[in-house]
Amino acid sequence: MNPKEPRNDLIVLLRAVWDEIMLPIVNVLQHDLKLKHQSRIWLCPTAAFTSIPLHAAHPFRTKPDCSKEPCLEDLYICSYTPTLSALIRSRQMMKKRVPPSFVAIGQVRKLVPATANRTTISGDVATRAGALEALEQNTWVHLACHGKQDHTQPYNSHFVMKDEPLTLLDIMDKDIPHAEFAFLSACHTAVGDKETPDEVIHLAAGLQFSGFKSVVGTLWEVDDAVAKHCRGSFLQEYVQGFEGWWCHGLYEGSMGTQPCYTRR
């Protein structure tokens, strides 16, 4: 489907998410807590809410003055956390930062700017063992490879490497002392198990449980044009050394795909 083609079913869905779930929360943030516009907020969904794109909540309405009502992304920069303890641990670890090192794994030749200070693992050396070693030795990781979610055995969900899969269990069993940030350029990296929605078991969560403080993943298959735009905006912030680049870069990238909102 053309990513610019309107999807009325998704408009109805995202409007319901706004009206029934996020608008009451936004009212508390704005009127009770007086949270500043464009502040970063963390969403910690449970049960069936883990499969709902809460960050994409949108009223799709026009005000009397013909201006559009703001959506959640207009108001706040949203991130997710699998558990409150994971969020608390990551905030505490922020005080123990080490000099950043960036490794790109997989199909990365055209994904990472030439000006970026990074190591690249691709082709025949993009193996399971090589990826695990890279995760151990670097603070920032960009995995640009296919991802597969195993709904029957969630711990077997994996990234496709040259020789054999890099599974969620492999990652969670590994000691990753300097982990800080991971960008997952693969589909379904943040999709949980529908049979156990309260147990956040997916590739992005596995990296967080392993020690990564921030992870970017996808809830569903992503249109190539949208993914390319988000990735470009994101890495541009990295190259510029922008403070807080992981959340602001993703925000700028997602806002730039507003005409393609149905695929975000």
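The rules behind these values
- Residues numbered from 1 in each chain as written.
- Predicted model: local features only at pLDDT ≥ 70, side-chain atom pairs only at ≥ 80, totals over all residues.
- Heavy atoms only, no water.
- Helix = DSSP H or I, 4+ residues; strand = E, 2+ residues; numbered from the N terminus.
- Buried < 20%, exposed > 50% of the residue type's maximum accessible area, 1.4 Å probe, protein only.
- Contact = heavy atoms within 4.5 Å.
- Areas by Shrake-Rupley, 256 points an atom, 1.4 Å probe, with all protein chains shown as cover.
- Disulfide = S-S within 2.5 Å.
- pLDDT = per-residue confidence, 0-100.
- Pairing = 2+ DSSP bridges.
- Salt bridge = Lys/Arg side-chain N within 4 Å of Asp/Glu carboxyl O.
- Patch = residues over 30% accessible without salt bridge, like charges linked within 9 Å, V, L, I, M, F, W, Y side chains within 5 Å.
- Axes fitted to C-alpha atoms, helices over the stretch in contact; angles between N-to-C directions.

Across its full length, the protein carries 8 helices and 10 strands. Looking at the protein residue by residue over its 264 residues, the buried ones come to 47%. Sequence-distant contacts in the protein: of pairs separated by 6 or more residues, those separated by 24 or more amount to 74%. On the protein, roughly 13,900 Å² of surface is accessible, and the fraction owed to carbon and sulfur atoms is 55%.

Let's shift gears to the state of the cysteines. A full pass over the atoms with the stated rule returns 0 disulfides. You can see C78 has no disulfide; the closest cysteine sulfur is in C71, sitting 9.1 Å from it.

On average, residues of the protein carry a pLDDT of 78, and 74% of them reach 70 or more. Per-element averaging of pLDDT across the protein places helix 8 (residues 245-255) at the bottom with 48 and helix 1 (residues 8-32) at the top with 95. Across residues 242-246, confidence stays below pLDDT 50; counting only partners more than four residues off in sequence or on other chains, it has 17 contacts. Within the model, the stretch residues 251-264 combines pLDDT values under 50 with 41 contacts to residues more than four positions away or in other chains.

Right, let's get into the sheet that holds strand 8 (residues 166-167). As summarised here, the arrangement of the 3 strands in space is 6-7-8, forming an open sheet in which the pairing is antiparallel. Here the strands that pair on one side only, and so sit at the sheet edges, are strand 6 (147-148) and strand 8. In terms of strand pairing, strand 7 (residues 158-159) meets strand 8 through 2 bridges, oriented antiparallel. Each bridged residue has a counterpart across the sheet, and for F159 the counterpart in strand 8 is L166.

On to the pattern of salt bridges. Per the stated rule, a full pass over the model turns up 4 salt bridges. Salt-bridge contacts for D19 lead to R61; the nearest nitrogen and oxygen are separated by 2.6 Å. Taken together, the residues span a long stretch of sequence, with D19 in helix 1 and R61 in the loop between strand 1 (40-43) and helix 2 (72-75) at a distance of 42 residues. Owing to a relative accessible area of 31%, R61 belongs among the partly exposed residues under this scheme.

A cluster of nonpolar residues, Y155, L169, M172 and F209, forms a patch on the protein surface that exposes about 330 Å² of accessible area. Looking at the secondary structure, you find L169 in helix 5 (residues 168-173).

A word on the sheet that holds strand 4 (residues 118-121). The strands that make up a sheet pair up through hydrogen bonds in the backbone, lying either parallel or antiparallel. If you trace the 5 strands from one edge of the open sheet to the other, you get 4-3-5-9-10, paired in parallel fashion. The outermost strands of the open sheet, each flanked by one partner alone, are strand 4 and strand 10 (214-216). For this sheet, the mean angle separating the axes of adjacent strands, direction not counted, is 15 degrees. Across 5 bridges, strand 3 (residues 102-106) lies against strand 5 (residues 140-144) in parallel orientation. Looking at strand 5, one finds that A104 is bridged to H142.

Glycine aside, a negative phi is what most residues show, and trans is what most peptide bonds show. Phi at K34 is positive, roughly 55 degrees, even though this residue is not glycine. Mapped onto the elements of the fold, K34 is located in the loop between helix 1 and strand 1.

The next thing to look at is the pairing of strand 5. With respect to burial, strand 5 is a largely interior element, 5 of its 5 residues being buried. In this sheet, strand 9 (residues 181-184) lies alongside strand 5 in parallel orientation, the contact comprising 4 bridges. Each bridged residue has a counterpart across the sheet, and for V141 the counterpart in strand 9 is A182.

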